[in-house]
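Observations on the three-dimensional arrangement
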Amino acid sequence: MATPKRVAIVTGAAVGIGKATAIRLAQDGWNIALNDLPSSIDKLVQVAEQVSLTGGEAILVPGDVSEEEAVKKMIDDTVEKLGGVDAMIANAGISSVAPLTHMTAETWDKTFAVNARGTFLCYKYAILQMIKQGRGGRVVGASSAYGKKAGPNCAHYSATKFAIRGLTQAAAQEVGKHGITVNAYAPGFINTPMLQNLPDEVKVAVKEIWNAQGYEGQPEDVANVVSFLVSEKSGLINGQTLSINGGWHVMD
């Protein structure tokens, strides 16, 4: 009897790092539940088509990760249609640029709602399902180079990414006894739609960093690390936030 395929949920899967991660895990032999906002459903369909080319099965579980009921439904639908949850890739996030003195409370709250609250909810309900299943699991969150060393004009974003590191460390200590590891990745500047939406002066700075490191960071670079973190080979890695930055912030 064939061993059932493992099942991974990838949030923010319509574009960028989430899309690359979903495709990479499908290539590794996982079935994938693809999450993003309902407004991105057409792009999710395209990702699902790419997953199917690998021989993997993909389902769509759209929803806003900042909403608790939406996250619960995402987990329930994945279990119903794919048979369980073996990995949660809590990748969904938003960013913007604003100096602290000009930032609105609404921008602060929205960034925390998606990046911090959303990651917390994904961790919580995926872990509850993994404990129920009793076969361990892998949980991976999205921090950032700015979650290790903050920069100007992104206090709100940096604060959420520092929060994810703390959440990851605490969760790892709580659930390791269940055979569940909890880690995060901390990308530097990666060539994604999120980056392309930043102001021109930021893009110029990014180009200078890429020139210095001799390489433009690509979503697949992060997906490769996630592939390792959810594999059996990573069993002794727990509570860590791995930098993927080409040497930028090399001492952090």
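Position numbers for residues start from 1 in each chain and track the written sequence from start to end. Residue-level local features of this predicted model are given only where pLDDT is at least 70; pairs of side-chain atoms are given and counted only at 80 or more, and the full residue set underlies all totals for whole chains, interfaces and linings. The side-chain quantities take in all heavy atoms of the structure and omit both hydrogens and water.

1. Concerning the pattern of salt bridges
- In what follows, salt bridge is the name for a side-chain nitrogen of Lys or Arg lying within 4 Å of a carboxyl oxygen of Asp or Glu. In this structure the tally under the stated criterion is six salt bridges.
- With its nearest N and O atoms 3.4 Å apart, the salt bridge here joins Lys72 to Glu69. Highlighted residues: Lys72 and Glu69, both in helix H3 (residues 68-82), separated by three residues, approximately one helical turn. A run of H or I in DSSP counts as a helix once it spans at least four residues, and a run of E counts as a strand once it spans at least two, with each numbered from the N terminus.

2. A closer look at unusual backbone geometry
- The backbone of Asn153 sits at a positive phi, close to 70°, despite the residue not being glycine.
- Topologically, Asn153 is positioned in the loop between strand S5 (137-142) and helix H5 (155-175).

3. Focus on the packing of helix H4 (residues 105-133) against H5
- Angular values range over 0 to 180 degrees, each being the angle between N-to-C directions of two axes fitted as lines to C-alpha atoms, with helices fitted over their stretch in contact. Their axes nearest at 9 Å, the elements H4 and H5 cross at an angle of 15°. With respect to each other, H4 and H5 are oriented roughly parallel. Crossing of H4 against H5: the hand is right-handed. On H5, the residues touching Thr107, Trp108, Thr111, Phe112, Asn115, Ala116, Thr119, Phe120, Tyr123 and Ile127 of H4 are Ala155, His156, Tyr157, Ala159, Thr160, Lys161, Ala163, Ile164, Leu167, Thr168, Ala171 and Val175. Between 65 and 115 degrees an angle is taken as roughly perpendicular, under 35 as roughly parallel, over 145 as roughly antiparallel, and anywhere else as oblique. We call a crossing left-handed when the near helix sits turned anticlockwise from the far one by less than a right angle, and right-handed when that turn is clockwise. Here, two residues are considered to be in contact whenever any of their heavy atoms come within 4.5 Å of each other.

4. Here we look at the environment of Ala223
- Following the sequence through the fold, Ala223 ends up in helix H8 (residues 219-229).
- The buried label goes to any residue with under 20% of its type's maximum accessible area, the exposed label to any with over 50%, and the partly exposed label to all in between, with areas taken from a 1.4 Å probe on protein chains only. The buried category is assigned to Ala223, whose relative accessible area is 1%.
- On a C-alpha basis, the gap between Ala223 and Ile9 in space is 14 Å, while along the polypeptide they are 214 residues apart.
- Not counting residues within four places of it along the chain, the set of residues in contact with Ala223 comprises Ala20, Thr21 and Arg24.

5. Considerations on the nonpolar core
- Buried residues of nine kinds, namely Ala, Val, Leu, Ile, Met, Phe, Trp, Tyr and Cys, make up a nonpolar core once their side-chain atoms join them within 4.5 Å. Among the nonpolar cores identified, the biggest contains 29 residues, and Met88, Tyr123 and Val182 are the most heavily contacted of them.
- Contributions of two or more residues to this core are made by strand S1 (7-10), H3, strand S4 (87-90), H4, H5 and strand S6 (180-187).
- It is H4 that provides the largest number of residues to this core, a total of eight residues.
- Ignoring any residue separated from it by four or fewer positions in sequence, one finds Val182 in contact with Tyr123, Ile127, Val139, Thr168, Ala171, Ala172, Val175, Asn238, Gly239 and Gln240.
- Ala8, Ala13, Val51 and Ile89 belong to the second largest nonpolar core, which has 26 residues in total.

6. A few points about H4
- In this scheme, a helix's expected span is set at 1.5 Å multiplied by one less than its residue total. The terminal C-alpha atoms of H4, which comprises 29 residues, lie 40 Å apart, in line with the 42 Å expected from a rise of 1.5 Å per residue.
- Fitting one axis to the seven residues ending at a residue and another to the seven starting there, the bend at that residue is the angle between the two axes. At Ala113, H4 is deflected by roughly 35°, the largest bend along its length.
- Taken from the residues just after H4, Gly134 is the one with a positive phi, measuring 75°.

7. Here's the deal with the pairing of S5
- Most of S5 sits inside the fold, with six of its six residues counted as buried.
- Of the two faces of S5, the one lined by Gly137, Val139 and Gly141 and the one lined by Arg138, Val140 and Ala142 are each fully buried.
- The definition of a right-handed crossover adopted here requires that, viewed with the strands pointing away, the path from the first strand over the helix to the second runs clockwise. This β-α-β element, S4 to H4 to S5, shows right-handed connectivity.
- Strands are treated as partners if at least two bridges between them are detected by DSSP. In this sheet, S6 lies alongside S5 in parallel orientation, the contact comprising six bridges. Within the sheet, the bridge partner assigned to Gly137 lies in S6 and is Ile180.

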